[in-house]
Amino acid sequence: VRSFGRLRTIGADQERTRIARDLHDRLGQWLTYISLELERIQSEQDEPSTDLKSLHQDTQGAIAELRDTLMELRASVSPGRPLGVLLGEVIDRIRRRSTLEIELKTPADRDLVLGEVVENELLRIAQEALTNVEKHANASQVTVAWTIERGRGTLYIHDNGRGFDPGKGIRGNAYGLVGMRERAASVGAILEVRSSPNEGTTITVLTSPTIPGAHP
């Protein structure tokens, strides 16, 4: 079952790469063309209208958001770029485009890793969780912690947002918790969600202990 889950997530990651390529080749080029045309039109006018300036700014914002999306779709754990490094990059992008205050804690030793397969799945979970916070939680502060002790990793994400009632299952279906649980299960990890209305949400992912000599 776990092997099947890994094959499915590998297929999903290949699809992410294809989508990123298509977005760049199609939507990215069109947005760039529109932005250049708006710049040309403004340059030909003595005093461009406020609406025209606003449309150009909105287009530039859309290009920046698309660029961030492509970077997250293409992000992947590799030798020299472990989960701790990529989490920092994801959070830096969120900080630039939002007002969220995000605290990040990662292992000081960059050689302390669990393996690319496991850490890639945790990266996708973190991306999904942080996107949910940014878009839906109405939060102002987020804490992200990634630790590895005795071959076992823990990913912790807490926000001070509006929270939800896990018993109703609404947010679990609507905001990707099902997919996050599947990703965790595919590498033998456990995902726990704690939340209540107006009390924020905490997501914790606990991996299986690494077996010496194994390649997770």
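Cut-offs applied
- Residues numbered from 1 in each chain as written.
- Predicted model: local features only at pLDDT ≥ 70, side-chain atom pairs only at ≥ 80, totals over all residues.
- Heavy atoms only, no water.
- Helix = DSSP H or I, 4+ residues; strand = E, 2+ residues; numbered from the N terminus.
- Contact = heavy atoms within 4.5 Å.
- Axes fitted to C-alpha atoms, helices over the stretch in contact; angles between N-to-C directions.
- Parallel < 35°, antiparallel > 145°, perpendicular 65-115°, else oblique.
- Left-handed = near helix turned anticlockwise from the far one by under 90°.
- Nonpolar A, V, L, I, M, F, W, Y, C, P; charged D, E, K, R; others polar.
- Pairing = 2+ DSSP bridges.
- Expected span 1.5 Å × (residues − 1).
- Buried < 20%, exposed > 50% of the residue type's maximum accessible area, 1.4 Å probe, protein only.

(A) View of the environment of Lys105. For Lys105, the location among the structural elements is in strand β1 (residues 101–105). Other than its neighbours up to four places away in sequence, Lys105 contacts Val144, Ala145 and Trp146.

(B) Focus on the packing of helix α3 (residues 83–97) against helix α4 (residues 116–137). At their nearest, the axes of α3 and α4 sit 10 Å apart, and the two run at 15° to each other. With respect to each other, α3 and α4 are oriented roughly parallel. Here α3 runs over α4; the crossing is right-handed. For the pair formed by α3 and α4, the contact residues are Leu83, Leu86, Leu87, Val90, Ile91, Ile94 and Arg97 on the first element and Glu119, Leu122, Leu123, Ala126, Gln127, Leu130 and Glu134 on the second. By residue class, the composition of the contact of α3 with α4 is 10 nonpolar, 1 polar and 3 charged.

(C) A look at the sheet that holds β1. Taken together, 5 strands build an open sheet; the order of strands is β1-β2-β3-β5-β4 and the sheet is mixed. Either end of the sheet is taken by a strand with one partner, and the two such strands are β1 and β4 (190–195). Geometrically, the sheet is characterised by an average inter-axis angle of 10° between neighbouring strands, direction not taken into account. Helix-sheet contacts for α3 involve β1, β2 (141–149) and β3 (152–159), and the interaxial angle to β1 is about 170°.

(D) Quick peek at the packing of α4 against helix α6 (residues 177–186). Running from N to C, α4 and α6 cross one another at 165°; their axes reach a closest spacing of 9 Å. On the basis of the axis angle, α4 is roughly antiparallel to α6. Crossing of α4 over α6 shows left-handed handedness. Residue-level inspection shows Glu121, Arg124, Ile125, Glu128, Ala129 and Asn132 of α4 in contact with α6, the latter providing Met180, Arg183, Ala184 and Ser186. When grouped by side-chain class, the residues that make up the contact of α4 with α6 number 4 nonpolar, 2 polar and 4 charged.

(E) Looking closely at α3. Here α3 is 15 residues long and its end C-alpha atoms lie 22 Å apart, about the 21 Å a rise of 1.5 Å per residue gives. Along α3, the residues classified as buried are Leu83, Gly84, Leu86, Leu87, Gly88, Val90, Ile91, Arg93 and Ile94.

(F) Fine view of the pairing of strand β5 (residues 201–206). Among the 6 residues in β5, 5 count as buried, and that is most of the element. When β3 meets β5, the two strands line up antiparallel, connected through 6 bridges. Each residue of the ladder has a partner; that of Thr154, found in β5, is Leu206. Bridge count between β4 and β5: 6 bridges; the pairing is antiparallel. When the sheet's bridge partners are listed, Ile190 is paired in β5 with Leu206. As consecutive antiparallel partners, β4 and β5 are separated by 5 residues, and within that stretch Asn198 has a phi angle of approximately 65°, a positive value.

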